[in-house]
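# Descriptive structure summary
Each chain is listed here by its residues.
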Amino acid sequence: MNVVLAVKQYIAKTIEESGPGMKVLLMDKETTSIVSMVYTQSEILQKEVYLFERIDSANRENMKHLKAICFLRPTKENVEHLIQELRRPKYSIYFIYFSNVISKSDIKSLAEADEQEVVAEVQEFYGDFIAVNPHVFSLNILGCCQGHSWDPAQLSRATQGLTALLLSLKKCPMIRYQLSSDSAKRLGECVKQVITKEYELFDFRRTEVPPLLLLLDRSDDAITPLLNQWTYQAMVHELLGINNNRIDLSRVPGISKDLREVVLSAENDEFYANNMYLNFAEIGSNIKNLMEDFQRRKPKEQQKLESIADMKAFVENYPQFKKMSGTVSKHVTVVGELSRLVSERNLLEVSEVEQELACQNDHSSALQNVRRLLQNPKVTELDAVRLVMLYALHYERHSSNSLPILMADLKNRGVSERHRKLVSAVIEYGGKRVRGSDLFSPKDAVAITKQFLKGLKGVENVYTQHQPLLHETLDQLIKGKLKDNLYPYLGPSTLRDRPQDIIVFIIGGATYEEALTVYNLNRTTPGVRIVLGGTIIHNTKSFLEEVSAAGFRGRGTESSQAAVRAASRR
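The name an unreviewed UniProt entry gives the chain is Vacuolar protein sorting-associated protein 45, with Eublepharis macularius as the organism. Turning to the chain, the UniProt annotation filed under Function (unreviewed entry) states: "May play a role in vesicle-mediated protein trafficking from the Golgi stack through the trans-Golgi network." Under the UniProt heading Sequence similarities (unreviewed entry), the entry covering the chain gives this text: "Belongs to the STXBP/unc-18/SEC1 family."

As a further point, take the overall build of the chain. The number of helices and strands found in the chain is 21 helices and 18 strands. Looking at the chain as a whole, 52% of its 570 residues are labelled buried. In the chain, once contacts between residues fewer than 6 apart in sequence are set aside, the share between residues at least 24 apart is 82%. Carbon and sulfur atoms form 50% of the exposed surface of the chain, whose accessible area is close to 27,300 Å².

Attention now moves to the packing of aromatic side chains. For the structure shown, the criterion picks out 13 aromatic pairs. For the pair Phe129 and Phe137, a centre-to-centre distance of 5.9 Å together with 70 degrees between the ring planes defines the contact as edge-to-face. In terms of burial, Phe129 and Phe137 fall into one category: buried. Ring geometry for Tyr391 against Tyr395: centres 5.3 Å apart, planes inclined by 45 degrees, an arrangement best described as tilted. As far as burial versus exposure is concerned, Tyr391 and Tyr395 are alike and both buried. One aromatic cluster in this structure is built from Tyr10, Tyr97 and Phe125. Its guanidinium or amino end placed over the ring of Tyr39, Lys8 lies 5.3 Å from that ring's centre, counting from NZ or CZ.

With that out of the way, let us pick up the layout of surface pockets. Take a probe with the size of a water molecule and roll it over the atoms, and the empty space left behind shows itself. Roughly 1,100 Å³ of volume is contained in the second largest pocket. For the second largest pocket, the lining is made up of 43 residues, of which His237, Gly241, Ile242, Asn243 and Asn539 are closest to its centre. Broken down by secondary-structure element, the contributors of at least two residues to the lining of the second largest pocket are helix 2 (29–36), strand 6 (130–133), helix 6 (152–168), helix 8 (232–239), strand 12 (242–243), strand 13 (246–248), helix 11 (308–344) and helix 20 (540–549). It is helix 2 that contributes the most residues to the lining of the second largest pocket, 4 residues altogether. Residue composition of the lining of the second largest pocket, grouped by class: 18 nonpolar, 12 polar and 13 charged.

With that settled, the discussion passes to helix 19 (residues 512–524). An α-helix turns once every 3.6 residues. As a result, residues three or four positions apart point the same way. With 13 residues, helix 19 ought to run about 18 Å at 1.5 Å a step, and its terminal C-alpha atoms sit 18 Å apart, in line with that. When we look at burial in helix 19, the residues that qualify are Tyr512, Glu513, Glu514, Ala515, Leu516, Thr517, Val518 and Leu521.

This next bit is on the nonpolar core. Leu187 and Leu474 are the most contacted members of the largest nonpolar core, which totals 160 residues. Tallying contributions element by element places helix 14 (residues 381–394) first for this core, with 10 residues. Residues within four places of Leu474 in sequence aside, it is in contact with Leu214, Ile502, Val504, Val518, Leu521 and Ile530. Judged by nonpolar contacts, the second largest core, of 19 residues, contains Val24, Leu72, Ile96 and Val118.

The mixed open sheet is built from 6 strands, whose spatial order is 6-7-17-15-11-10. Each of the sheet's edge strands pairs with one partner strand only, and the pair in question is strand 6 and strand 10 (174–177). Each strand axis lies, on average, 25 degrees off the axis of its neighbour in the sheet, ignoring direction. Across 3 bridges, strand 7 (residues 136–138) lies against strand 17 (residues 529–534) in parallel orientation.

On to the side chain of Ser168. Topologically, Ser168 is positioned in helix 6. If we skip the residues at most four places from it in the chain, Ser168 touches Ala6, Tyr10, Tyr126 and Phe129.

Procedures and definitions
Note on numbering: residues in each chain are counted from 1, in written sequence order. Per-residue local features are limited, in this predicted model, to residues with pLDDT of at least 70; the limit for side-chain atom pairs, both in listing and counting, is 80 or more; totals at the level of whole chains, interfaces and linings are taken over all residues. The side-chain figures draw on all heavy atoms in the structure; neither hydrogens nor water molecules are used. UniProt positions are given in the numbering used here, feature names are shortened, and annotations may be inferred rather than shown by experiment. Here a helix means four or more residues in a row that DSSP labels H or I, a strand means two or more in a row labelled E, and each is numbered from the N terminus. The rule is simple: take the accessible area with a 1.4 Å probe, protein chains only, and divide by the maximum for that residue type; under 20% is buried, over 50% is exposed, in between is partly exposed. By definition in these notes, contact holds between two residues if any of their heavy atoms fall within 4.5 Å. Per-residue and other accessible areas were derived by the Shrake-Rupley procedure at a 1.4 Å probe size, with only the shown protein chains allowed to occlude residues. Note on ring pairs: Phe, Tyr and Trp rings are taken, using the six-membered ring of Trp, and paired if centres are within 6.5 Å. Classes follow the plane angle, with under 30 degrees stacked, over 60 edge-to-face and the rest tilted. As a reminder, the over-ring test applies to NZ of lysine and CZ of arginine, requiring each to be within 6 Å of the ring centre and within 35 degrees of the ring normal. Cavities and pockets are found on a 1 Å grid laid over the protein atoms alone: a cavity is a set of points where a 1.4 Å probe fits but cannot escape, a pocket is an open set with protein on both sides within 12 Å along at least five of seven lines, and a lining residue has an atom within 4 Å of such a point. Grid points are joined across faces, edges and corners, and a volume is the space filled by probe spheres set on the points. Under the scheme applied, nonpolar residues are Ala, Val, Leu, Ile, Met, Phe, Trp, Tyr, Cys and Pro; charged residues are Asp, Glu, Lys and Arg; polar residues are all the others, including Gly. By this rule the span expected of a helix is its residue count minus one, scaled by 1.5 Å. Nonpolar cores are built from buried Ala, Val, Leu, Ile, Met, Phe, Trp, Tyr and Cys residues. Side-chain atoms within 4.5 Å join them into one set. What makes two strands pair is DSSP finding at least two bridges between them. To obtain each axis, a line is fitted to C-alpha atoms, and for helices this fit is confined to the stretch in contact; angles are then taken between N-to-C directions over 0 to 180 degrees.

Right, here's the structure in full:
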């Protein structure tokens, strides 16, 4: 179950099937992202694709010596663009691949437009999602819901993305969903509908234990996307932002021109592949080793190129050296910038208090620590608001809830009203009233004992105590203990055996901390393969945009104080 490989194989197949000769790859905005996540431009150039064009670009030249490979989403706009293209073809021959199921009526329209008979092939290749890591995919949808209900256009896109993923992995799953989420049930029903309608496509060889699709809702765990991160991939996304594997470093002080935007892809960057799940301290020492290794391999300035053999050896080693030089400068820059932000924003101290808010139950200590940090000028507005949100979520129903005091502290600090309103918006989005599970207190005797023992001996790393709710959900699922009354099956049949192939999808977005959880479960649980997807991959900023886009604007601070008093009376 490797989603990167699935998309890669589709793309390779589209190029192979067109045969030898020079080619142009015609894409739309979304398929451009889908392709760029799994292939570099140079890799595709090696397959005789010399031109990359957008189907919606108006001023493309006529190039009759090129074959056109079209990889497009089956949208109305794309079909219309194709019809116009086929009426006045710019290339010699067309191989058309849609990233999802295309209707018969659209095929008919294309056939009618192809008067010059330039179309050699029309096929469906189900690469209709963004493959982020081998076990992680996204649909790049920000703002999928209105309130707690689907935006109809995004429900349709999510259904297409999920069914394409299932087809690309050749899985026809049983479906379970989070009972407390109407959105999860609705998406499950839509996916089931497509499977029923396209039953011939989903007619895969039966496995002993059927695969399982588990649909969850972000609002059940609003804590995870609010935390600062300390593993490489998650930390880069939290502090710098990863957009389709690209990181914008243009704001870094004194950055050189060629490092203003860098690509971090585990497919083409060995250092990143080996370090993406390690914590910040380990990455620091690994960067040092990388530098030392680089220094050793550096061609000596005084190296004498006397013989032809010397020159040949230098030329052969130079591309590797150049690639290594690029890798070194990129990671040194990224880690250097992370390090600068950690000290500038006082993130070690902030993160320690965040972890206390997420994992401990000492109200007075938490309140004291949050108030202390709110007075610290080094703490940014985003981090100040994030701390208050974590406090508000954890101690929402606590008898000594002091949220009004913290809201007043934010106001005195000069935090904008927009940010202050987001505190109550996050409670509306993922507070106690909405959640189907208990985020903060351990569920059974074993968990309580574990927490007690952890408290006695202290934690190995105060910055990574937190486990996302997803960890517990998947752990229960793998052991066959996930309660049917909280996560019912869609339809009459249920799994008798423990699941082996699990696809989890989080409506409202997943996070890289959850990706790490799934990576570790895959590594440590023999016979179980898990793939994690989300409408998007969040960091704190994008999560707060998600909350706002859903229409949770929050109330002004005065009315939220009244609401808190009313809640504590209840």
